[in-house]
Amino acid sequence: MTLRHFAFFGAAIALFTACNDSTAENPATMGGVKHYADLEIPRTPAGTQSQVKSYEGFTLSFNADNHTPNWVGWELLKEETDGENSRSNNFWHDDDIEGCPVTGDYTRSGYDRGHMCPAADQKWSAEAMQDCFVLANICPQDNSLNSGAWATLEKKERLWAQRDSCLVIIAGPIYEKTDTKRIGDIGVRVPSAFFKVIAAPYLDEPRGIAFIYPNMSSPGNMQNYVVTIDDVEQLTGFDFLSSLPDDIENKIESNSVFKEWDR
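Residues numbered from 1 in each chain as written. Predicted model: local features only at pLDDT ≥ 70, side-chain atom pairs only at ≥ 80, totals over all residues. Heavy atoms only, no water.

(A) Summary view of the nonpolar core. In terms of nonpolar packing, the biggest core is built from 46 residues, with Phe 58, Trp 74, Ala 136, Leu 167, Ile 198, Phe 211 and Tyr 213 touching the most fellow members. Among the elements of the structure, strand S4 (58–63), strand S5 (68–77), strand S7 (138–141), helix H4 (143–164), strand S8 (166–174), strand S11 (193–200), strand S12 (207–214) and helix H7 (258–261) are those that each provide at least two residues to this core. With six residues, the single largest contributor to this core is H4. Within the second largest apolar cluster, 20 residues are counted, among which are Trp 71, Ile 174, Phe 240 and Leu 241. (Core = buried A, V, L, I, M, F, W, Y, C linked by side-chain atoms within 4.5 Å. Buried < 20%, exposed > 50% of the residue type's maximum accessible area, 1.4 Å probe, protein only. Helix = DSSP H or I, 4+ residues; strand = E, 2+ residues; numbered from the N terminus.)

What follows is the structure in structure tokens.
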């Protein structure tokens, strides 16, 4: 969580510690506005290879066996949907991340370097733009998905953030036991699908939605790929939005009504 979020929610810097220590029963508030800490950080099942690191603008859990993230989470504020910093395209290896690939692991692999947290969400900060090109934020993604349905969903997210002021977004790969294909010298594992969890928890009527896209061309209406957040939890084992009060969490995670979002 970065300090820019506290400005958005009207919290003073003095509340920094209180907000990060808050729970669902005692969220940080200022001017009647609640802010639940670390909503973008799901609980990862015990035994999962996981190295968690926060970058400017997002946090991720990295899997050293797969050489890809388990998940990448971030808050997207209305004012972060545009900015002066253009796409850098400077992919980089993070020495702090065990098993992080290098750019050569994707060269001539047949797969795009697919961002989980997209560059277009990071135009608000030069540091955030640089950080999002870390190869710990990348998965092998079919070009037809990366440049097609996945990109379309990312554009929708920015429109929804402009409308709703704040979204919590978590994305990552989905692996089946049969996903044995690997690329590069390090052996980056190719996933069969990707998930995207999206929530607008601060609306008067909080809502959530999730998508699962196969790692291939995904034609047709994006509504065809809608699932509930509960569905993604069952597939991945991750516990999303756990710092919300149970009644709000249950409502957000069990209902995915596309027409409530695409309006």
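(B) Helix H6 (residues 246–254), seen in detail. Inspection of H6 places Glu 249, Ile 252 and Glu 253 among the buried residues, and these make up the whole buried set. Axial view of H6: buried residues confined to an arc of 90°, hence all on one face. (Arc of directions from axis to C-beta.)

(C) Region of interest: the side chain of Ser 109. On the secondary structure map, Ser 109 appears in the loop between S5 and strand S6 (112–115). Only 2.9 Å separates the side chain of Ser 109 from the backbone oxygen of Tyr 106, close enough to count as a polar contact. A polar contact is formed between the side chain of Ser 109 and the backbone nitrogen of Tyr 111, at a distance of 3.1 Å. (Polar contact = N/O pair within 3.5 Å; in protein donor to acceptor, adjacent residues only side chain to side chain.)

(D) Here's a closer look at the packing of aromatic side chains. Considering all chains together, one arrives at twelve aromatic pairs under this definition. An angle of 55° between the planes, with centres 5.6 Å apart, marks the rings of Trp 150 and Phe 194 as tilted. Of the two residues, Trp 150 sits in helix H4 while Phe 194 sits in strand S11, which places them 44 residues apart along the sequence. Comparing Trp 150 with Phe 194, the two get one shared label, buried. In this structure an aromatic cluster arises from ring pairing among Trp 150, Phe 194, Phe 211, Tyr 213 and Tyr 225. Across from the ring centre of Trp 150, 4.4 Å away, lies the NZ or CZ of Lys 196, which sits over that ring. Cation over ring: Arg 207 sits above Trp 261, and NZ or CZ is 4.9 Å from the ring centre. (Phe/Tyr/Trp six-rings, centres within 6.5 Å; stacked < 30°, edge-to-face > 60°. Lys NZ or Arg CZ within 6 Å of the ring centre and 35° of its normal.)

(E) Spatial organisation of the sheet that holds S5. Spatial ordering of the open sheet is given by S3-S4-S5-S8-S11-S12-S13, a layout of seven strands whose pairing is antiparallel. The open sheet has two edge strands, strand S3 (51–55) and strand S13 (226–227), and neither has a second partner. Two elements, S12 and S13, share two bridges in a ladder whose sense is antiparallel. The residue bridging Phe 211 from the neighbouring strand is Val 226, located in S13. Of the strands in this sheet, S5, S8, S11 and S12 touch H4, which is tilted by about 5° from S11. (Pairing = 2+ DSSP bridges. Contact = heavy atoms within 4.5 Å. Axes fitted to C-alpha atoms, helices over the stretch in contact; angles between N-to-C directions.)

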